[in-house]
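What follows is each chain in one-letter form.
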Amino acid sequence: MTIQRTSAEGNPSSNAPNSSGKNSHNTKPGRWLWFWMGMGGIAMVSATAGALLAVSLTSTPLQQAQLSPQEEAVFDGDAISGSGLRFSELTRPVNLLVMGMSVLPPDVQTPPTETQNLRYLPQVNSFDGLADVMLMVKFDPETKKIAMLSIPRDTRTRIEGHGVRKINAANVEGGPALTATTVSNLLGGVGIDRYIRINVLGVGKLIDALGGVTVYVPKDMKYQDHSQHLYINLKAGKQHLNGDQVLQLLRFRHDELGDIGRIQRQQMVMRALMDQALNPVTVAQLPKILNVVKDNIDTNLTVEELVALVGFGVRTNRTNMQMLMLPGRFSEPNEYNASYWIPSKDGIAKLMAQHFGLESLSENPVNDPTSVRVAIQDSTGSDRSQLRPLINALEKAGYRNVYVANPWNEPLEVTNIIAQQGDGNSAESIRNALGFGEVRVESTGSLNSDISIQVGKDWLQQKSLLEDSIKF
């Protein structure tokens, strides 16, 4: 830092007037722009490296679970980040298993003494209970993409040594290693490099440390569970939520979609957090944030590796952040003795080939438009009849399975074309056919669709143009 500054100030040509006044006028601003950009980059790296070193020396280890050598072998231990000043650089694709833990006193062998003799069940700072949230996240520096796959906690699958269970029980039976093995088997043998578990108590702290998040609450949410002191009271609309309010939004599941609706809201929160929190300022503050939540986190990531993953997120274009959901269906009422999310083997194979680099046993030809299920969700408050030109335009482009689904509650300026099942190519084809809208690979649309078109105000501007084009 000192050498850089001295070199710039000590160079006589830095301040000497140029023999050509015109040339001096054109080059000096550019030279200073690059100088300050360089200084800013060096300052950011130096500040982060210094803070990182301080945390590494003074905080408790991020990994709190004691894994046996056999359990450690479940994860790929090869380095994922550079060394020295390249510590924040991701050097290879990484699959990270993320688990959100909701643990109550009966879930642990020795509950904290302060939780005893209470008339309710408080959340416990532990990692031994059911995995309330489960994500497989792929960070890929080769494609410059991040793919996040949500796995419903009620997914019916086989847990080695414990039979067919809901997948969230894997953590109770064997911790992160058995959960990773179970997830890998479910997803066609995909390798898992690292894991991270965060307690629900830590999620609230993390949101507060990031300054809260602005998100659209899709509807009024009110629910009380006195046995857990869980009180949810949120009004519909766009608002800035603190940690406790975000937990209310994420934990609410008393609607027609149950846990799947909760996953959709999780994706909405993650999208908002990525838009707001993934920036260089967050990277610089990461050690401070980790210090706030370190007691609520268990991970085999080093601090340096965590910084590399966050740094990759900062540099990733938001359009290259894809949020997926495990393909499947709800079990029928009398199909099993419990309610499950039944995974689709074919759907999983296709998704893993598209987004996680696994080889597919069958070819995946481009979808025939006639077989693509397209749902239309209006956010403009228009009468259904006003959507007819849009339906006609889709039918003219070859799409035959088009239906109007429940409206999208959030008012949108720009139409979202949602690749509900992860097929971004089909979503892009529809966008090209319509000539407007923004493609998003996420699972917030109509559950049974392949593509959901969440109609925004830009549709109102395009409506007359589409009507004219259909006449010819």
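What comes next is a walk through the structure. The model shown is predicted, which means the values in this text are computed figures rather than measured ones.

1. Some points on the nonpolar core
- With 57 residues, the main nonpolar core has Leu149, Ile151, Val183, Leu187, Leu394 and Ile430 as its most contacted residues.
- With sequence-adjacent residues up to four places away left out, Leu187 is seen in contact with Met136, Leu149, Ile151, Leu326, Ile348, Met352 and Leu358.
- Formed by 49 residues, the second largest nonpolar core is a distinct cluster that contains Leu62, Met148, Val217 and Leu306.

2. Brief notes about the packing of aromatic side chains
- This structure, assessed with the given rule, holds 5 aromatic pairs.
- Centroid distance Phe75 to Tyr195: 5.3 Å. Interplanar angle 40 degrees. Geometry classified as tilted. Of this pair, Phe75 sits in the loop between α4 (69-72) and β1 (94-101) while Tyr195 sits in strand β6 (residues 194-199), placing them 120 residues apart in sequence. An identical accessibility class is assigned to Phe75 and Tyr195; each is buried.
- It is Arg156 that lies over the ring of Tyr340; its NZ or CZ is 5.3 Å from the centre.

3. A few points about the side chain of Thr157
- Residue position: Thr157 is located in strand β4 (residues 156-159).
- Discounting chain neighbours no more than four positions away, the residues touching Thr157 are Gly163, Val164, Arg165, Ile167, Thr182 and Leu186.

4. Here's the deal with the environment of Gln386
- Tracing the sequence through the fold places Gln386 in the loop between β15 (373-378) and α12 (388-396).
- With 74 residues separating them along the chain, Gln386 and Leu460 place their C-alpha atoms 9.2 Å apart.

5. Observations concerning the pattern of salt bridges
- Throughout the structure, instances matching the rule amount to 17 salt bridges.
- Residue Asp132 is joined to Arg153 by a salt bridge in which the shortest nitrogen-to-oxygen separation is 2.1 Å. One end of the pair, Asp132, is in strand β2 (residues 131-140); the other, Arg153, is in the loop between β3 (145-150) and β4, with 21 residues separating them in the sequence. The exposure classification of Asp132 matches that of Arg153, with both residues buried.
- Note that Arg318 and Asp275 form a salt bridge whose closest N and O atoms lie 3.8 Å from each other. Highlighted residues: Arg318 in the loop between α10 (303-315) and β12 (321-325) and Asp275 in helix α8 (residues 258-277), separated in sequence by 43 residues.
- Exposure remark for Arg318: the relative accessible area of 23% places this residue in the partly exposed category.
- Residues joined by salt bridges that share partners form a network here, namely Asp132, Arg153, Asp259 and Arg262.

6. Some remarks on the sheet that holds strand β18 (residues 438-440)
- The strand order β16-β15-β19-β17-β18 describes an open sheet built from 5 strands, whose pairing is mixed. Two strands in the sheet have a free side with no partner beyond their single neighbour: β16 (401-404) and β18. Averaged over all neighbouring strand pairs, the angle between strand axes comes to 20 degrees, with direction disregarded.
- Here strand β17 (residues 416-419) pairs with β18 via 3 bridges, running parallel. Residue pairing in the sheet places Asn416 in a bridge with Glu438 of β18.
- Running over the sheet, α12 touches β15, β16 and β19 (451-455) and is turned about 160 degrees from β15.

7. Notes on the pairing of β12
- The element β12 is extensively covered by neighbouring structure, given that 5 of its 5 residues are classed as buried.
- Of the two faces of β12, both are covered, the one formed by Met321, Met323 and Met325 as well as the one formed by Gln322 and Leu324.
- The pairing of β3 with β12 spans 5 bridges and is classified as parallel. Residue pairing in the sheet places Met148 in a bridge with Met323 of β12.

Criteria and thresholds
- Residues numbered from 1 in each chain as written.
- Predicted model: local features only at pLDDT ≥ 70, side-chain atom pairs only at ≥ 80, totals over all residues.
- Heavy atoms only, no water.
- Core = buried A, V, L, I, M, F, W, Y, C linked by side-chain atoms within 4.5 Å.
- Buried < 20%, exposed > 50% of the residue type's maximum accessible area, 1.4 Å probe, protein only.
- Contact = heavy atoms within 4.5 Å.
- Phe/Tyr/Trp six-rings, centres within 6.5 Å; stacked < 30°, edge-to-face > 60°.
- Helix = DSSP H or I, 4+ residues; strand = E, 2+ residues; numbered from the N terminus.
- Lys NZ or Arg CZ within 6 Å of the ring centre and 35° of its normal.
- Salt bridge = Lys/Arg side-chain N within 4 Å of Asp/Glu carboxyl O.
- Pairing = 2+ DSSP bridges.
- Axes fitted to C-alpha atoms, helices over the stretch in contact; angles between N-to-C directions.

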